[in-house]
Amino acid sequence: MEINRISLFEIDSTNNYASNLMKSETLPHGTVITAQFQTKGRGQRENSWEGSSHQNLAATWVFHFDHLKVANGFIYNQAIALALRQSIHDWINQEVFIKWPNDIIVNDKKIAGILIENYILGDDIKSSLCGIGVNIFQTQFSFPQATSLMLAGSDIASTDSFLETLHENLLEKLEELKLHPSLIREQYLLHLYRAKDLIALKHNEQVTRGYIQGVDEWGRLIFSIENSIHLFQSGEVQWIWE
Ligand code: BTN
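Residues numbered from 1 in each chain as written. Predicted model: local features only at pLDDT ≥ 70, side-chain atom pairs only at ≥ 80, totals over all residues. Heavy atoms only, no water.

(A) Looking closely at the overall build of the chain. When helices and strands are tallied, the chain shows four helices and twelve strands. Taking 242 residues into account, the globule formula puts the C-alpha radius of gyration at 18 Å, and the chain, at 17 Å, falls close to it. Here the chain holds 242 residues, and 50% of them are scored as buried. Accessible surface, the chain as shown: approximately 12300 Å² in total, 47% of it carbon and sulfur. Within the chain, the 29 negative side-chain charges are centred at a point lying 5 Å from the centre of the 19 positive side-chain charges. (Helix = DSSP H or I, 4+ residues; strand = E, 2+ residues; numbered from the N terminus. Rg over C-alpha atoms; globule rule 2.2 N^0.38 Å. Buried < 20%, exposed > 50% of the residue type's maximum accessible area, 1.4 Å probe, protein only. Areas by Shrake-Rupley, 256 points an atom, 1.4 Å probe, with all protein chains shown as cover. Lys, Arg positive; Asp, Glu negative; His and termini not counted. Charge placed at Lys NZ, Arg CZ, Asp CG, Glu CD.)

So this is what it looks like as structure tokens:
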């Protein structure tokens, strides 16, 4: 598959680069910007993204949409997480989960993350920058709950091999999103990390234990604490690894 790609050696963040470029030109749907080094890789909720050396994949895809409502934004996030999950699964022989809302988990550790930034006009998502970081060859991390394809036993030979797999899976899942959105929701729930397990979350500075019951169509976590159901937005609670 031909990939419309801008390959950079070093940049602050591929998402920032894409966003600056979008101010002056329209990049075609599916354009991907990659960097071997990010000096200021960004994660979700203003966090930094450490896994950004040449050993890993740091890439931002540009997507355009004709009919994607802001109200359906979470299902688009789910489609991206599923394409990334599938791509990791294509390269290792282990179970791969999606930790709500969209971290990818192998062996109870994070292997990849997603940072989506949408361009909205009225009720519609017109375009989106989909930043993806995947740990591929790195074997040592300062964050204890991190892993890589290499540590998970993959025989992958280059970061570009992963990029090709992911590119194909992303475009395929976006087609599926248009045609069968309900399948996306079903698949997401099938791969949800620690669904129905007793887990701990930090909420309002307090640790709460309960069970993940699912995720609603707005992307809120459905969490049961004793006999009551709580709906949490992403960012409202913090995951406690234990
Ligand atoms: C997260 O898990 O917090 C999201 C991590 C997203 C990292 C990627 S790396 C490529 C792209 N450019 C960035 O600055 N961030 C995303």
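(B) Structural view of the packing of aromatic side chains. Taken as a whole and judged by the stated rule, the model has eight aromatic pairs. When the ring of Phe-223 is compared with that of Phe-232, the centres are 5.9 Å apart and the planes differ by 50 degrees; the resulting orientation is tilted. Here the two residues Phe-223 and Phe-232 agree in accessibility, since each one is buried. Following the ring pairs from residue to residue traces out a cluster consisting of Phe-97, Tyr-193, Trp-239 and Trp-241. (Phe/Tyr/Trp six-rings, centres within 6.5 Å; stacked < 30°, edge-to-face > 60°.)

(C) Highlighting the sheet that holds strand S11 (residues 228-232). If you trace the five strands from one edge of the open sheet to the other, you get S11-S10-S9-S8-S12, paired in antiparallel fashion. Looking at strand neighbours, the two that pair on one side only are S11 and strand S12 (237-240), the edges of this open sheet. If you compare each strand with its neighbour and ignore which way they point, the axes differ by 50 degrees on average. Of the strand pairs in this sheet, strand S8 (residues 198-203) and S12 are connected by four bridges, and their pairing is antiparallel. In the sheet register, Leu-201 faces S12, and the bridge partner there is Trp-239. (Pairing = 2+ DSSP bridges. Axes fitted to C-alpha atoms, helices over the stretch in contact; angles between N-to-C directions.)

(D) Up close: the environment of Cys-130. Within the secondary structure layout, Cys-130 lies in strand S7 (residues 124-134). Sequence separation of Cys-130 and Glu-205 is 75 residues, and the distance between their C-alpha atoms is 31 Å. Not counting the four nearest positions on each side in its chain, Cys-130 is found in contact with Asn-15, Ala-59, Thr-60, Trp-61, Phe-63, Tyr-76, Ile-80, Leu-115 and Ile-116. (Contact = heavy atoms within 4.5 Å.)

(E) Molecular detail of the pattern of salt bridges. Within the structure shown, the criterion is met by ten salt bridges. Among the salt bridges present, the one from Arg-42 reaches Glu-117, with a minimum N-O distance of 3.0 Å. In this pair, Arg-42 is assigned in the loop between strand S2 (31-38) and strand S3 (57-64) and Glu-117 in strand S6 (residues 109-121), connecting sequence segments 75 residues apart. Accessibility expressed as a relative area gives 32% for Arg-42, which makes it partly exposed. What makes Glu-117 partly exposed here is its relative accessible area of 26%. Between Asp-103 and Lys-110 there is a salt bridge; the shortest N-O distance is 3.0 Å. Of the residues examined, Lys-110 reaches a relative accessible area of 17% and is grouped as buried. (Salt bridge = Lys/Arg side-chain N within 4 Å of Asp/Glu carboxyl O.)

(F) Fine view of the nonpolar core. In this structure, Trp-61, Tyr-76, Ile-80, Leu-84, Ile-88, Ile-132 and Phe-162 are the most contacted members of the largest nonpolar core, which totals 56 residues. Top contributing element to this core by residue count: helix H2 (residues 73-91), with ten residues. Of all hydrophobic cores here, the second largest spans ten residues; its members include Ile-11, Leu-21, Leu-27 and Leu-129. (Core = buried A, V, L, I, M, F, W, Y, C linked by side-chain atoms within 4.5 Å.)

(G) Focus on the packing of H2 against helix H3 (residues 159-179). At a minimum axis distance of 8 Å, the contact between H2 and H3 shows a crossing angle of 140 degrees. For H2 against H3, the interelement crossing comes out right-handed. Contacts from Ile-75, Tyr-76, Ala-79, Ile-80, Leu-82, Ala-83, Leu-84, Gln-86, Ser-87, Ile-88, Asp-90 and Trp-91 of H2 reach H3 at Ser-161, Phe-162, Thr-165, Leu-166, Asn-169, Leu-170, Lys-173, Leu-174 and Leu-177. Looking at the contact of H2 with H3 residue by residue, the classes come out as 14 nonpolar, five polar and two charged. (Left-handed = near helix turned anticlockwise from the far one by under 90°. Nonpolar A, V, L, I, M, F, W, Y, C, P; charged D, E, K, R; others polar.)

Just geometry here; none of it tells us what the structure is for.
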